[in-house]
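Here is how the chains run, residue by residue.
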Amino acid sequence: MAGQVKRGRVKAKPGSTLDGSEMRMAEGLLIPAFGYKSHINIDRRFRLIRRFIVTDAARHDGAPLPGLLNPVAFDSRVWADSAYRSKANEAAITAAGRRSMVDLRNPQGRPMPWPHQRANRARSAVRSAVEHVFADQKQHMALFIRTIGPGRATVKTGIANLAYNFRRLIWLEGRTVPV
């Protein structure tokens, strides 16, 4: 898949211009930029990554949600931020026999009603566990995907997710009391 063109670059070229100045500026070069997003499904109890999908950065955040739903998960609730709220995702959650705990969106041009603020605050406390996974990968593993092609980005992200799960498992094993 080709990347998006995000910005132009202007390079100074030596030589005189028509008005006699020494440097002339070249036309803006369009540089393709490749970016990827990692979408994960973690279990709430152990915070282990159960499923993941890597998409290109141009794709809408909520699009991969149906592929992340785990049919054998113990918890029937699906926690996600408001970018994942859409009619299609709500229908997929219901069809999978799950209960939607996706954050509520702010009404456009109006302040969010107080009950919705309270509901989102309660949901965010649970949902923050996912953000901790991303922060851990970025901080401890210095994860930065700089590859061309979604296949390579998926492999690199999958290896990082596996390494995170190993580190998390070691930490969980250290917390158990030997019998």
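Treat the numbers as computed from the prediction; the structure is a model and nothing was measured.

Analysis parameters
- Residues numbered from 1 in each chain as written.
- Predicted model: local features only at pLDDT ≥ 70, side-chain atom pairs only at ≥ 80, totals over all residues.
- Heavy atoms only, no water.
- Helix = DSSP H or I, 4+ residues; strand = E, 2+ residues; numbered from the N terminus.
- Buried < 20%, exposed > 50% of the residue type's maximum accessible area, 1.4 Å probe, protein only.
- Contact = heavy atoms within 4.5 Å.
- Areas by Shrake-Rupley, 256 points an atom, 1.4 Å probe, with all protein chains shown as cover.
- Pairing = 2+ DSSP bridges.
- Salt bridge = Lys/Arg side-chain N within 4 Å of Asp/Glu carboxyl O.
- Expected span 1.5 Å × (residues − 1).
- Bend = angle between axes of the 7 residues up to and from the residue.
- pLDDT = per-residue confidence, 0-100.
- Right-handed = clockwise from strand over helix to strand, strands pointing away.

1. Topic: the overall build of the protein chain
In step 1: The secondary structure content of the protein chain amounts to four helices and eight strands.
In step 2: Listed by position from the N terminus, the elements making up the protein chain come as β-β-β-β-β-β-α-β-α-β-α-α.
In step 3: Counting across all 179 residues of the protein chain, residues that qualify as buried make up 28%.
In step 4: Considering only contacts in the protein chain between residues 6 or more positions apart, those separated by 24 or more positions represent 39%.
In step 5: Of the roughly 12,400 Å² that the protein chain leaves accessible, carbon and sulfur atoms contribute 58%.

2. Notes on the pairing of strand β5 (residues 36-42)
In step 1: When you tally the buried positions in β5, you get five out of seven residues, the bulk of the element.
In step 2: Bridging between β5 and strand β6 (residues 49-56) involves seven bridges; their strand directions are antiparallel. Of the residues in β6, the one forming a bridge with I40 is F52.
In step 3: Remark: six residues form the turn of the hairpin made by β5 and β6, two consecutive strands paired antiparallel; R47 in that turn has positive phi of roughly 60 degrees.

3. Quick notes on the pattern of salt bridges
In step 1: Under the definition given, this model contains four salt bridges.
In step 2: Close ionic contact of D103 with R127 constitutes a salt bridge, the shortest N to O distance being 3.2 Å. With D103 in the loop between β8 (99-102) and α3 (114-140) and R127 in helix α3, this pair connects stretches of sequence that are 24 residues apart. The residues D103 and R127 share a single accessibility class, namely buried.
In step 3: Salt-bridge contacts for D136 lead to R167; the nearest nitrogen and oxygen are separated by 2.7 Å.

4. Brief notes about the side chain of D103
In step 1: What makes D103 buried here is its relative accessible area of 6%.
In step 2: Apart from residues lying up to four places away in sequence, D103 is in contact with A80, D81, S82, R85, N120, R123, S124 and R127.

5. A closer look at α3
Each α-helix turn comprises 3.6 residues. Residues three or four places apart therefore point the same way.
In step 1: Here α3 spans 38 Å end to end across 27 residues, near enough to the 39 Å set by a 1.5 Å rise per residue.
In step 2: Its axis deflected by about 40 degrees at A125, α3 carries its strongest bend there.
In step 3: Among all positions in α3, only N120, R123, R127, A129, V130, V133, D136 and Q137 are buried.
In step 4: Looking at the buried side of α3, the elements it contacts are β5, β6, β7 (77-80), β8 and α4 (150-175).
In step 5: Note on α3: the residue one or two positions beyond its end, A142, has a positive phi of about 50 degrees.

6. Some details on the confidence of the model for the protein chain
In step 1: When pLDDT is averaged across the protein chain, the result is 78; 79% of the residues are at 70 or more.
In step 2: For the stretch residues 1-8, pLDDT sits under 50, and the model shows 20 contacts to residues farther than four places along the chain or on other chains.

7. What about the pairing of β7?
In step 1: Along β7, the buried face is formed by V78 and A80; none of R77 and W79, which line the opposite face, is buried.
In step 2: Pairing between β7 and β8: four bridges, direction parallel. In the sheet register, A80 faces β8, and the bridge partner there is V102.
In step 3: In this region the chain leaves β7, passes through helix α2 (residues 87-95) and returns to the parallel neighbour β8; the handedness of that crossover is right-handed.

8. Describing the environment of L69
In step 1: Inspection of the secondary structure puts L69 in the loop between α1 (65-68) and β7.
In step 2: On the accessibility criterion, L69 (12% relative accessible area) is buried.
In step 3: Taking the C-alpha atoms as reference points, L69 and A96, 27 residues apart in sequence, are found 7.7 Å from one another.
In step 4: Apart from residues no more than four positions distant in its own chain, L69 is found in contact with N41, R51, V78, A92, I93 and A96.

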